[in-house]
Amino acid sequence: MLAIDNFDHICIAYGTDLADLAVRRVRAAIEEWLGDRAEIHFESAGVFYGTLHRPLSDATEIGAATVGAAVRSGEALSVNRLLINPPVVFLPHDGGTICLSLAGSWSVHDGFEPSPTRRFEGGCRAAFFGEPPVRGNTWVERYRADMALAAAVLTALPGDGGLPDHSAKAPAVPAQAPVSYSTAGAVFRVFEAMGRESGVVQPIRQSTGAEPLVLTWRPVRDGHFGQDVLFYEIVPQLCGRDGQRRDLMDSRPALERLGLAVALDQFLVNSALDLLEADPDVAIAVQVSAQSVSSCARWGGLFRRLTGSSSVANRLIIAITETTSFPDFAEAVQFVSRLQAFGCAVAVDNFGLGYVVEMFESGAALLERAKQGLSGCIVLDVRMPGVSGLEVQKRLAALDIHTPVIVVSGFADIEMAVKAMKANAFEFLTKLFRDQDLFDAIGAAMELDSSRSVQSRERREADRLIRNLTTREYEVFVRLCHGQVGKQIAHELGMSEATVKVHRRSILHKLDVKHLGELILNYAQIVKTHPDEVQG
């Protein structure tokens, strides 16, 4: 099966006539891609059902006679490439161009005809992360505006020579004469074009009628040694007819709302890999959406290119942007883990809040890390691999770790929320929550943890100073904190008021306070709540 993921969106935003035209367009694309290898049985609501009679890879077919197992493996790989991660199909119309997002799945033939009710378990269909359609003029206007922007971006991306009318895949970037830059003992070679100071621009061929696309290489310099280039960041730009260039990164929120961010991100990563393979000395960073990395299945091509290419992987930096939240956090963690296993560097843009983010594959991994100490706040999903979020929360308390915990769940009920809050969860959020709700909760939790940290530091410093007091000074100190005057203290301790004054001056000096009022303000609460701990 192969589905138009945004079929319902098109029906609402553009009408059923264009939706029907989209179906015909995709049918034509399938027939071009598969030829006589496949037969389409029927289509329903933008979903095509059919049978693939032969493997897609001719190389696999050649080896079929000798290695039977390789046929099934090779066919699955080929089908996975096409159905899990098909190219974007473009539908031109009088008002512009519509980008059709596709994804599919398959099952091995078992004698039953394909049907809408049948389970397709052979391939795992990539999730569609675009916003759901909403009826109303406001949504329709924004959707059409987003689509116009997405079409301008995606039609500018070079197409695959084999699929000129439908694909948004990237070809290899042709190498040009390099220029050497010396930076902190290393030499980075980059492609010369429009000038060194403003970055290096590599022109890319574009589809007919589209705005020219260029890739700009911006140097990222060391913050301590301003002229040392650490690596180059790849930035795609469209050149308008007025000569002005605009960053395609500005279009990312629209692409994310449409569920099409992965098309741009895959083009950028593939372009970076082409350059890394062509030049052994350059290091390149690529920004990708948190939405894109939440579907590992779509990145099979990247993982295959990195396999056995540690020299390339070690020079690739993937920066996950904060323009949207992770729709599938577990998938994102898996994506990051696989890249790190290859040797790539991964940066997370901290949800746009300026925090350092550390991700864990499971609750057990978080608990193991917690033994080394944690600060900030913890975001837990109730349903996680192995140990559940609520169980992790319980074990954190048992480890005497009181870092604020935010619990999220897509299957929450009142009992679950009550249990989380009784276990001192800072916040409980039910999916689908707004990004801002999570950001607000993280901000408040970070403030609480920061306040606790300040109080903890102040308490440790106060304890250190108090331990400098002699036994007699401490006895006077406790009574001063309880508000007793010199005469009362002298009577209780059997000393003169003059001696009490001598001890008080010494106490103020050792505790670094200027007068009795400051002493009471800074230390009275500590003495009243933890008298034995302070004295010890």
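Just so you know, these numbers come straight off a predicted model, no measurement behind them.

## Considerations on the overall build of the chain
Thinking step 1. A tally of helices and strands in the chain yields 19 helices and 18 strands.
Thinking step 2. When the 536 residues of the chain are sorted by exposure, 44% land in the buried category.
Thinking step 3. Long-range pairs, those at least 24 residues apart, make up 61% of the contacts in the chain with a sequence separation of at least 6.
Thinking step 4. Entry remark: accessible area of the chain is about 27,300 Å², with carbon and sulfur atoms responsible for 51%.

## Focus: the nonpolar core
Thinking step 1. The biggest cluster of nonpolar side chains holds 87 residues, and the ones touching the most others in it are Leu100, Leu154, Val286 and Phe335.
Thinking step 2. Sorting elements by how many residues they give to this core places helix 7 (residues 261–278) first, with 11 residues.
Thinking step 3. Discounting residues that sit within four places of it in the chain, Phe335 has contacts with Val293, Cys296, Trp299, Leu302, Phe303 and Ile318.
Thinking step 4. In this structure, Phe477, Val500, Leu519 and Ile526 belong to the second largest nonpolar core, which totals 24 residues.

## Observations concerning the environment of Ser450
Thinking step 1. Inspection of the secondary structure puts Ser450 in helix 14 (residues 435–466).
Thinking step 2. Assessed through its relative accessible area of 39%, Ser450 is described here as partly exposed.
Thinking step 3. Once the C-alpha coordinates of Ser450 and Ser375 are considered, the two residues, 75 residues apart in sequence, prove to be 8.5 Å apart.

## Focus: the confidence of the model for the chain
Thinking step 1. Residues with a pLDDT of 70 or more make up 75% of the chain, whose mean pLDDT is 75.
Thinking step 2. The least confident element of the chain, judged by mean pLDDT, is strand 7 (residues 178–183) at 27; the most confident is helix 1 (residues 7–14) at 93.
Thinking step 3. Scored below 50 in pLDDT, residues 58–77 makes 15 contacts in the model with residues more than four places away or belonging to other chains.
Thinking step 4. This stretch, residues 160–209, has a pLDDT under 50; its non-local contacts, to residues over four places away or in other chains, come to 119 contacts.

## Topic: helix 7
Thinking step 1. An ideal rise of 1.5 Å per residue puts 26 Å on 18 residues; helix 7 measures up with 26 Å between its terminal C-alpha atoms.
Thinking step 2. Burial of helix 7 is extensive: 15 of the 18 residues sit out of reach of the surface.

## Details of the packing of aromatic side chains
Describing an aromatic ring pair means giving the distance of the ring centres and the angle of the ring planes.
Thinking step 1. One pass over the structure, following the stated rule, counts seven aromatic pairs.
Thinking step 2. A centroid spacing of 6.4 Å and a plane angle of 65° characterise the contact between Tyr14 and Tyr143, whose relative ring orientation is edge-to-face. Of this pair, Tyr14 sits in helix 1 while Tyr143 sits in helix 5 (residues 137–154), placing them 129 residues apart in sequence.
Thinking step 3. Through successive ring pairs, a cluster of aromatic residues spans Trp299, Phe303, Phe335 and Phe342.
Thinking step 4. A cation over a ring is seen here: Arg338 above Phe303, with NZ or CZ 3.9 Å from the ring centre.

Rules used in this analysis
- Residues numbered from 1 in each chain as written.
- Predicted model: local features only at pLDDT ≥ 70, side-chain atom pairs only at ≥ 80, totals over all residues.
- Heavy atoms only, no water.
- Helix = DSSP H or I, 4+ residues; strand = E, 2+ residues; numbered from the N terminus.
- Buried < 20%, exposed > 50% of the residue type's maximum accessible area, 1.4 Å probe, protein only.
- Contact = heavy atoms within 4.5 Å.
- Areas by Shrake-Rupley, 256 points an atom, 1.4 Å probe, with all protein chains shown as cover.
- Core = buried A, V, L, I, M, F, W, Y, C linked by side-chain atoms within 4.5 Å.
- pLDDT = per-residue confidence, 0-100.
- Expected span 1.5 Å × (residues − 1).
- Phe/Tyr/Trp six-rings, centres within 6.5 Å; stacked < 30°, edge-to-face > 60°.
- Lys NZ or Arg CZ within 6 Å of the ring centre and 35° of its normal.

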